Amino acid sequence: MSNTSIISDKQKSTADITPLALFSKYRLAGFYLAISLIVLSIIGLGFKGLNLGLDFTGGYMTEFTTSLSIDKGQMQTQLATHLSGDFELNSGAANTQWTIRQTDGTAHVIDKDWLNNFATQSGYDITPQDSVYIGSQVGSELIDNGGLALLVAAIAMMVYLTWRFEWRLACGSLVALVHDVLVVLGLFSWLGLPFDLTVLAAVLAIIGYSLNDSIVIGDKLREVMRSKTNMNMSDIVDSAVKSTLTRSLITSGTTLATIGTIWIFGGQPLQAFAIALFAGVVFGTLSSIAVSATIPQLIGLNPEFYQHRAQELLVNDEP
Amino acid sequence: MRKTTAKPKHTWQILVIIITVVILGLNAIPTLYGNNNALLVSGVNSTQPLPSIQQLRDVMLQQNIQVKQIINGDADSKIVIDGDDEALVHAQQQLKSELGDDYQVRLGNQSAAPKWLQELGMSPIKLGLDLSGGVLFVLEVDTDRADQERLANAKDETLQIIHDHGLRGMSVKMAGTENNLVSKADVTTKNPVAQTETEGKLDLHFLSHQAAKVKAVVTDLQQRLPGITYSKTGERSATLAFSEQSITTFHHEIMAQALTTLRGRIEELGITEAVTQRQGQSRIRIELPGVKDPEQAKRIIGATASLDFYEMANSGTMGAKSFTDEDGRHLRVAPKPIFTGSNIENANSGRDEMGIALVNLTLDGIGGKKMSEFSRDNIGNPMVTIFSEYHKNSADEMIKNSRVISVATIQSQLGNRFSITGLDSPQAASDLALLLRAGSLDAPITIVQQRTIQASLGKENVNNGIMALAIGLGITLVFMGLWYRKLGLIANTSLVLNLVCLLGLMALLPNVVLTLPGIAGLVLTVGMAVDTNVLIFERIKEERKRGRSNFLAIETGYKEAFATILDANVTTMITALILLSIGYGPVKGFAMTLSLGILTSMFTGVFVAHVLTYIVKPQIAVKQKELKA
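None of the values given here were measured: they were computed from a predicted structure. (Residues numbered from 1 in each chain as written. Chains lettered and ligands numbered in written order. Predicted model: local features only at pLDDT ≥ 70, side-chain atom pairs only at ≥ 80, totals over all residues. Heavy atoms only, no water.)

1. Here we look at the overall build of chain B
Broken down by element type, chain B carries 19 helices and 23 strands. When the 629 residues of chain B are sorted by exposure, 49% land in the buried category. A sequence separation of at least 24 residues applies to 73% of the contacts in chain B between residues at least 6 apart. (Helix = DSSP H or I, 4+ residues; strand = E, 2+ residues; numbered from the N terminus. Buried < 20%, exposed > 50% of the residue type's maximum accessible area, 1.4 Å probe, protein only. Contact = heavy atoms within 4.5 Å.)

Below, the structure is given as structure tokens:
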């Protein structure tokens, strides 16, 4: 009995004595973290750039497996003696899975016969898996289309948000969205991970996910602003974020768990895709808590706006 | 439970749910069974009797291939075998050599699901290349080049008309001839607008006293080539060009022709499950599942061969074309062919008495008529057969390579059947026959993207995907069950139903293809679909804390959370649709499962879960101290 009463006392103390101030501190810390992450990502993108995958650069990619593990340096030198022109060798799965990339217009393209020849000459047991050719024109078109898709997605979201929310709330969601996209791109540039079409798809999915979170919090924020007139803005934001926290954590948790299974079990082709989504959900959760509700507070959203509006639209807007 | 469902208020909702789930569930079942490999045997002529089942069975038995089923259809026999792609190709070769040239043996597959399901018209989800293995080609149709050729033809026509009218001194030439062809590749990519201004036109020059007669020439020309426009640019000059609309129609026709031709060629290759579709403005995407020999496929699909039959030009002919044959003789032929490869109905390779390879041709009605008229009037005159092909040179430019196949003297009036002789090899003859059967391509095509995925890699991808899905689903189900207890059970039921509906919907809808990123989309959908339930449940808890009764809390929870759920899903839908519009192949599969997943998760998460909650009637307990005043 005494035990439970101590716990409930403690809960009481965090809930009542320091009402939301502590939480507010964490939220602001998160906000600054998000800002510094954005800056870091921009630096990364500016200096290192993205390691564009075959989908965007065009060229040839050949994938094969060897039955035994072979030293990468040895493979590199052996390939170099047989292959004229530049190539890029990557290995995976304990040096049994190999990927060779060549640029479009290279003189000496690997095909099945070449691989068979190489197998007999080097004595390796080689099984071809996948071979891709993408014309450089197709690649550069895809960069345009991909960029356009990101832009169209951002604009469509902006239009949707301003129609749905007050502009300061929309602004907060938009900054959170830009943060999520930039941080994932920044991560890819700092780590030098290949950015291909599936990663672009992941980034677009992140845009949807990020807004999903922001909207839930925005809705709550609006609701609290309408009902609680006596609170100051910071406390309103805190209580809105807090009451959606459980939901945010559960949804992010299950989503991260499933993305985790794709990462671990999905095999090599989905690696970059899973990493992008995973990072997007982690940083998206951070930004939805710390950014999307903090920005409106910083640029002067206050409860009067919604109380005023609620009176105006009393009849047709809300029940 | 029965008692609650008997409540008249929800009967129709329960009915809707049961019907939807049963229909979609039935559609999902065949996917679990997968496909068996099959061979399709059909006669070259439809009148030919199909080989007996006994005969087919014997051939298979000799090769130690397990036959599962032989289905005799109207036009073909389907042999379903038990074995992988390797065995299938082996069986195909055996059958081909046993049955001879009179029969076609094509590769296909047959659903392994029980017969009653198949009879309901249900089939498994179509798998993308990254899951089934196979070859992908993306071809670019060079419409600019076709425009050039069309304009060149218009020039020849104009010259002929000017000649017919006897207007000496009037001349016509292609505009901007100095900078065409060679620099064209750069022009098209960098500045397509500027290009249309300088090129794609004919310059017409005439003497001042001929100005009145130009009108007649133009009217004549427009009669022969509708869509050509005339605009005067000076005292003694004018330009001729095809109208914007006519060019669009022309491009449309070229693409349609290319698609039909390529489909024909793929059929000739014996592949039934191929996907041939237009991708963007001027590209064609071809997916050939289970192809073993990409090089042969490439040679046949990528060829732009055309065959034209010409009359020799006499000295008065304007715009005569000239070719050089193998012996170095210059041949001048009439500007327009008598008929072209498109008039060929059937072509077969063979050998003449001397053992030299030849191709036997059968012409269609129009071609036959043209041929018999021409040969009647020209007995004793030669006819020139020209074979043209596009290929790329080292500088990546498209070069049209025309070759004189034969210069034959017409011995007698010919009908719709005759032969082309003098081919290099039996292989060349059979390739040519195949290309002629499938139709020719006027616009050159190039392969801009190619991918060969081994079937083993596809199988591995499927296994990986299913593993990720199973474990992801497992974790989510366990978590929701532990966290929300009875409500979690409702969430889990709706989540499983969501997956069943999604799979069923994907099998039901045409053009939906499951790819590896598509499976990833499925897994992601599982993780995100619980969001709907979580939002509602949290809301219900909140309402309970405010002191509402159990029933009222549930009602308000579903009602109030709906707006938020709708919003959240609309945003994901927008991104999925944008993705759908830019992506092809694998990424399209991801966008597909994502967007369909949103629809089904809204249905199960809001509608099904709501009704389930009515039936289960969970008690949501709240601690007294949490109650707010």
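2. Brief notes about the overall build of chain A
Counting its regular elements, chain A contains 12 helices and six strands. Looking at the 319 residues of chain A, the share that counts as buried comes to 50%. Pairs at least 24 residues apart make up 79% of the contacts formed inside chain A by residues separated by at least 6 positions.

3. Structural notes on the sheet that holds strand β9 (residues 228-232) of chain B
Residues and elements named next belong to chain B. The four strands are arranged β7-β8-β10-β9 in an open sheet whose pairing can be described as antiparallel. Only two strands of the sheet have a single neighbouring strand rather than two, namely β7 (171-174) and β9. If you compare each strand with its neighbour and ignore which way they point, the axes differ by 25° on average. The strands touched by helix α7 (residues 143-165) within the sheet are β7, β8 (201-205), β9 and β10 (237-242), with β7 carrying the most contacts at an inclination of about 175°. (Pairing = 2+ DSSP bridges. Axes fitted to C-alpha atoms, helices over the stretch in contact; angles between N-to-C directions.)

4. Structural notes on the UniProt feature "transmembrane region" (unreviewed entry) in chain A
Residue and element names in this part refer to chain A. Using the residue numbers shown here, the UniProt feature "transmembrane region" (unreviewed entry) corresponds to residues 28-47, 146-163, 170-191, 249-266 and 272-299. A distance of 26 Å separates the end C-alpha atoms of residues 146-163, which is 100% helix and 0% strand. Annotated as 86% helix and 0% strand, the span residues 272-299 places its first and last C-alpha atoms 37 Å apart. (UniProt positions renumbered as here; feature names shortened; annotations may be inferred.)

5. Comments concerning the domain arrangement of chain A
Assigned domains of chain A: these are domain 1 (19-51 + 138-311) and domain 2 (59-134). Computed over C-alpha atoms only, the centres of domain 1 of chain A and domain 2 of chain A are separated by 41 Å. (Domains from an automatic or database assignment.)

6. Quick look at helix α2 (residues 11-33) of chain B
Residue and element names in this part refer to chain B. Taking 1.5 Å of rise per residue, the 23 residues of α2 would be expected to cover 33 Å, and the 34 Å separating its terminal C-alpha atoms lies within 8% of that figure. Residues Q13, I14, I17, V21, L24, G25, N27, A28 and P30 constitute the buried set of α2. G34 sits one or two residues past α2 and shows a positive phi near 80°. (Expected span 1.5 Å × (residues − 1).)

7. Details of the pairing of strand β4 (residues 97-102) of chain A
Buried residues dominate β4 of chain A, accounting for six of its six residues. Here β4 of chain A shows two buried faces, one formed by Q97, T99 and R101 of chain A and the other by W98, I100 and Q102 of chain A.

8. Things to note about the interface of chain A and chain B
Each side of the interface is counted separately: chain A has 59 residues, and chain B has 58 residues. Carbon and sulfur atoms make up 65% of the area that chain A and chain B hide from each other, which totals about 4900 Å². Remark: the boundary between chain A and chain B carries four salt bridges. Among the salt bridges present, the one from D531 of chain B reaches R247 of chain A, with a minimum N-O distance of 2.7 Å. If you look at where chain A meets chain B, you find 11 residue pairs in polar contact (both at pLDDT 80 or more). Of the residues assigned to the side of chain A that touches chain B, the class counts are 31 nonpolar, 19 polar and nine charged. Across five bridges, strand β5 (residues 126-134) of chain A lies against strand β22 (residues 445-453) of chain B in antiparallel orientation. When the sheet's bridge partners are listed, I134 of chain A is paired in β22 of chain B with Q449 of chain B. (Buried area = accessible area lost by both parts, 1.4 Å probe. Salt bridge = Lys/Arg side-chain N within 4 Å of Asp/Glu carboxyl O. Polar contact = N/O pair within 3.5 Å; in protein donor to acceptor, adjacent residues only side chain to side chain. Nonpolar A, V, L, I, M, F, W, Y, C, P; charged D, E, K, R; others polar.)

9. With respect to the pattern of salt bridges
Applying the stated criterion across every chain, the model contains 17 salt bridges over all chains. A salt bridge links R539 of chain B to E543 of chain B, with the shortest nitrogen-to-oxygen separation between them at 3.7 Å. Here E543 of chain B and R539 of chain B lie together in helix α17 (residues 516-545), a separation of four residues that amounts to about one turn. Here E543 of chain B falls in the buried class, since its relative accessible area comes to 2%. Two residues, E543 of chain B and R546 of chain B, come together in a salt bridge whose shortest N-O distance is 3.6 Å. Overall, the relative accessible area of 45% leaves R546 of chain B in the partly exposed class. Through salt bridges with shared partners, a single ionic network connects K220 and E223 of chain A together with R539, E542, E543, R546, R548 and E560 of chain B.

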